[in-house]
Structure formats: C-alpha cells, structure tokens
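# Coordinates in review
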Amino acid sequence: MENKITQKLLLLGELFWVFFKIGPSTFGGGYAMMAVIEQEVAGKRKWMDESEMSDLLSIAGSAPGGVGVNASAFIGYRLGKIPGAAAAVLGITLPTFLIVYVLSFFYSYLQEVPKVQAAMKGINGAVLGFIGAAAYRMAKSALVDWSTLAAAAGSLAVLLLTGWNPIFMILAGLGLGIIIVRAKKWLGLKVVTEKTSSSGQAETGVIEYYI
Amino acid sequence: MLLWQLFVSFLKIGFMSFGGGYAVISMIQYETNRFGWVSGEELRQAVSLSGMSPGSIATNSATLIGYRAAGLPGAIAATTGIVLPSLIVVILIAACFYRLHSSFWVKSSFYGLRPIITGLIVYAAIHFGFPDRSAGAIFNWTTFATLLIGAASFAAVTKYKIHPLKILFLSACAGIILF
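Treat the numbers as computed from the prediction; the structure is a model and nothing was measured. (Residues numbered from 1 in each chain as written. Chains lettered and ligands numbered in written order. Predicted model: local features only at pLDDT ≥ 70, side-chain atom pairs only at ≥ 80, totals over all residues. Heavy atoms only, no water.)

### With respect to the overall build of chain A
For chain A, the count of helices and strands is seven helices and zero strands. Sequence-ordered secondary structure for chain A, helices as α and strands as β, is α-α-α-α-α-α-α. When each of the 211 residues of chain A is scored for burial, the buried share is 50%. Of the accessible surface of chain A, which amounts to about 10,200 Å², a share of 67% is contributed by carbon and sulfur atoms. (Helix = DSSP H or I, 4+ residues; strand = E, 2+ residues; numbered from the N terminus. Buried < 20%, exposed > 50% of the residue type's maximum accessible area, 1.4 Å probe, protein only. Areas by Shrake-Rupley, 256 points an atom, 1.4 Å probe, with all protein chains shown as cover.)

### A few points about the packing of helix α6 (residues 146–162) of chain A against helix α7 (residues 166–187) of chain A
All names here are of chain A. Interaxial distance between α6 and α7 falls to 12 Å at its minimum, and their mutual angle equals 155 degrees. Taken together, the axes of α6 and α7 are roughly antiparallel relative to one another. For the crossing formed where α6 meets α7, the hand is right-handed. Of α7, the residues touching α6 (which contributes Ser 147, Ala 151, Ser 155, Val 158 and Leu 159) are Pro 166, Met 169, Leu 176, Ile 180 and Lys 184. Of the residues belonging to the contact of α6 with α7, the class tally is seven nonpolar, two polar and one charged. (Axes fitted to C-alpha atoms, helices over the stretch in contact; angles between N-to-C directions. Parallel < 35°, antiparallel > 145°, perpendicular 65-115°, else oblique. Left-handed = near helix turned anticlockwise from the far one by under 90°. Contact = heavy atoms within 4.5 Å. Nonpolar A, V, L, I, M, F, W, Y, C, P; charged D, E, K, R; others polar.)

### Describing the environment of Leu165(B)
Mapped onto the elements of the fold, Leu165(B) is located in helix α8 (residues 164–178). The sequence separation of Leu165(B) and Gly51(B) amounts to 114 residues, and the corresponding C-alpha distance is 9.5 Å.

### Let's talk about the side chain of Thr63(B)
Secondary-structure assignment places Thr63(B) in helix α4 (residues 57–95). Residue class for Thr63(B) comes out buried when judged on its relative accessible area of 3%. A polar contact of 2.9 Å, which involves the side chain of Thr63(B), links it to the side chain of Thr79(B). In this view, Thr63(B) contacts Phe97(A), Val100(A), Ala75(B) and Thr79(B); residues no more than four positions away in its chain are not counted. (Polar contact = N/O pair within 3.5 Å; in protein donor to acceptor, adjacent residues only side chain to side chain.)

### Examining the interface of chain A and chain B
Listed as interface residues are 96 residues of chain A and, on the opposing side, 94 residues of chain B. Put simply, chain A and chain B have zero salt bridges between them. Those elements that provide at least two residues to the side of chain A that touches chain B are α3 (50–62), α4 (67–110), α5 (114–142), α6 and α7 of chain A. With 25 residues, α5(A) is the largest single contributor of residues to the side of chain A that touches chain B. Each residue belonging to the side of chain A that touches chain B can be placed in one class, and the counts come to 59 nonpolar, 27 polar and 10 charged. (Salt bridge = Lys/Arg side-chain N within 4 Å of Asp/Glu carboxyl O.)

### Remarks on the environment of Glu31(B)
As for its position among the elements, Glu31(B) is in helix α2 (residues 21–35). Between the alpha carbons of Glu31(B) and Leu6(B) there is a distance of 9.3 Å; along the sequence they are 25 residues apart. Residues contacting Glu31(B), with those up to four places away along its chain left out, are Asn165(A), Ser9(B), Lys12(B), Ile13(B) and Trp37(B).

### With respect to unusual backbone geometry
Residues and elements named next belong to chain A. Of note in the backbone geometry, Lys 46 takes a positive phi value of approximately 55 degrees without being a glycine. A positive phi is found at Lys 81, a non-glycine position, where the angle reads about 50 degrees. Along the chain, Lys 81 turns up in helix α4. By relative accessible area, Lys 81 is classed as partly exposed at 48%.

### A few points about the confidence of the model for chain A
Averaged over every residue, the pLDDT of chain A is 81; residues scoring 70 or more account for 86%. Of the regions scoring below 50 in pLDDT, residues 197–211 of chain A engages in 52 contacts with residues more than four places distant in sequence or in other chains. (pLDDT = per-residue confidence, 0-100.)

### Points about the nonpolar core
Residues Phe19(A), Ile37(A), Ile131(A), Phe10(B) and Ile121(B) are the most contacted members of the largest nonpolar core, which totals 93 residues. Those residues in contact with Phe19(A) that sit more than four places away from it in its chain are Ile37(A), Val41(A), Ser72(A), Ile75(A), Ala88(A), Gly91(A) and Ile92(A). (Core = buried A, V, L, I, M, F, W, Y, C linked by side-chain atoms within 4.5 Å.)

### Digging into the pattern of salt bridges
Residue and element names in this part refer to chain A. Summed over all chains, the structure comprises seven salt bridges over all chains. Notably, a salt bridge pairs Asp 145 with Lys 184, separated by 3.1 Å at the nearest N-O pair. Here Lys 184 lies in helix α7 and Asp 145 lies in the loop between α5 and α6, a separation of 39 residues in the sequence. Taking the relative accessible area as the measure of exposure, Asp 145 reaches 22% and is therefore partly exposed. One salt-bridge network, held together by shared partners, links Glu 14, Glu 40, Lys 44 and Arg 45.

Here is the structure:
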C-alpha cells in the first residue's frame, strides 16, 4: 500500500517535470510543440506507441484550448487518471505563466522608455503578421466550398457591424456545420467536410493552429 | 467579485476556444470591453507581450489581463479559468468517446466551425491593426509602418518559415528605426 502511493506520487512528479521542461521550449506553440512532446513521450520514455500518438494529435487538435495543454492533459490522464492530467497540465502551464508574469513586470518598468516603446510598436507589427498568418492557415483548411466561404464572410461582417458576442458565433458555427451537411445530404449534393489531398486521403483533419 | 468575474469569463472563453489562440483574442476583447478590466491599448500590449512569450497566446493573454485587473490573484484566476475547460474536455474525451474524431457529428460541426474561426481571426487582425478606426488614425505613419512590418512578418512566417523569435527580434529593431 505504502509502495503504491509512493509510486503514484513519483509518476505525478515525473509527469509534472516532463511537461514543465517542454513548456518554455515551445516558442511558436501549436504543432511545433507536438514534435517535442512526441520525442519526449513516445521516443524517450515509451509512454505511448505510434497509434496512440495519432489519437493524441487528433484529440489535442479538436478539443478547445491550446494543443500543448490538451496533449499534456491526454497523456497525463492515460498514465495517471485525473491526478495525472492535473499534474501534466500544471507542469506545462506553470513555466509560461512565470515567463509572462516576469516579462510584464519588466515591461511595466520600461514602458516609458522611448526606445522600448518604439521596439514594442515594431513587435505589434510582427504580432499583426502572426495573426494574419493564423487567419491564412485557418482559411486554407476551412474554406473548402462556397458555403464555408459565405459563412466566413458572414461571420466577419456580423462581428464588424453588430458587435455580437463572439462566443455565440462559435456556438452558431457548431450548429451551422451540422445543418449545412444535413441539408446537402438531403438535397443529394456532394459533401466534402475536409480538404482532401490529391491522393484522396483527408489531410490531418485537425484544426491548424499557430501559437 | 472581480476574481470570480475573471475566472468565470475566461472559463466561458476556454470552453469555446476551438482553433487556438488567435480566434480567442476577439472573445477576450469582447469580455474586456464589457467589464472594463483594461483599456483597449493595454489589451493590445497584452496581446503583443503574449506573442513574445512561449506557449499559447490565449493562455498568456489571460494571465496578463488577469494580472493588470487584479494582480497575482487575478492572473491565477484568469489562467485557471482558461485552462480548466481543456483539462475537463480532454479527460471526458479520453474517458468516454475515444474514437470521437472520425464521427459524422464532429466532422460536420468542424466544417461549420472552421470558417467562423477564420472570421474571428480576421476580425482580431483588423482590430489589432487598426485599433482606432477614424480617418486620421488610419492614414498615418504609425499605422502604415505597422502594416509594413506586419506584411513582412506574414511573409516570413507563411512563406519562408522563419522562427517566430527571429521575426520578433527583427521587428523590434525595425520598430526602433521606423518609429
């Protein structure tokens, strides 16, 4: 009994530590993080095999939230149930939390310095480019036909003109997809829900994400 | 109570944060406007600082806004709020519907969800690029130079696959020269 508890605690500690190390190394987030996780979890520690890794990728990409946090929760759960998931998520979140905290602490002291302000304006431009790149990648996997193009244009117009809560737009999107696919099937139209590559195989199928 | 408000708002956002960080910016902006946690300019700074840090931009923004609104307890409340849904949803998927991804329902929901997320990200980009949308503010040097750096960084990410850290560093240097 004693022994079991010690083992469990050791596992939780290891989960925490593995993801604590992965956390700050994932600049560029998203799928850059997945490569590091795969190396650590499937390669080095043999916690999971190849087929589990592909499940991991699809679940991490389709659940809400960052892929890194989702992946750590999944691995943690598989190894140590709910306490394992909690330890892994805490591990991956804590380092970035501390980095952001320290960065904002320094920034609040330096924000009056003109050179820092100018550099920050430059960084605003870079981040604008990142947001644009995220939109571009998402558009590439999202806009597969006229209905999806109309949905994207429509949602942008609604946001710009009405100021509705974006949360409702997401909920509407979930319902809309099911309605459109149902309606198309009913009308006997061809339904393609994902972009397919030339070989006819569906591409990754997970949402493409960036940071 | 402020801490509870931060926690609940980011919890809601967390459950809806499909498609990662950038779509979430629009939601954070909406909640921030509603409760007045930080000003528009502070929010923009928070997003930029989040982009400079490793990890998810959504979680980082939550941390920063929570901190500005209510100090360290605020940062903890907001971060916990945005991360908790991921934990809950992933545990549910892992425990119950293991083969969820290939199902008809998931595929067709995501078919409708992805274009909306695209719309949300474009909206976030417009807000971020033109925080003040009066004619005088759109046609000025700051906006022009920001767009110029933005276009360069867009090309660097999508076409040349340059590491984000390098882009951030070069943009900071460009900022010091241009502004």
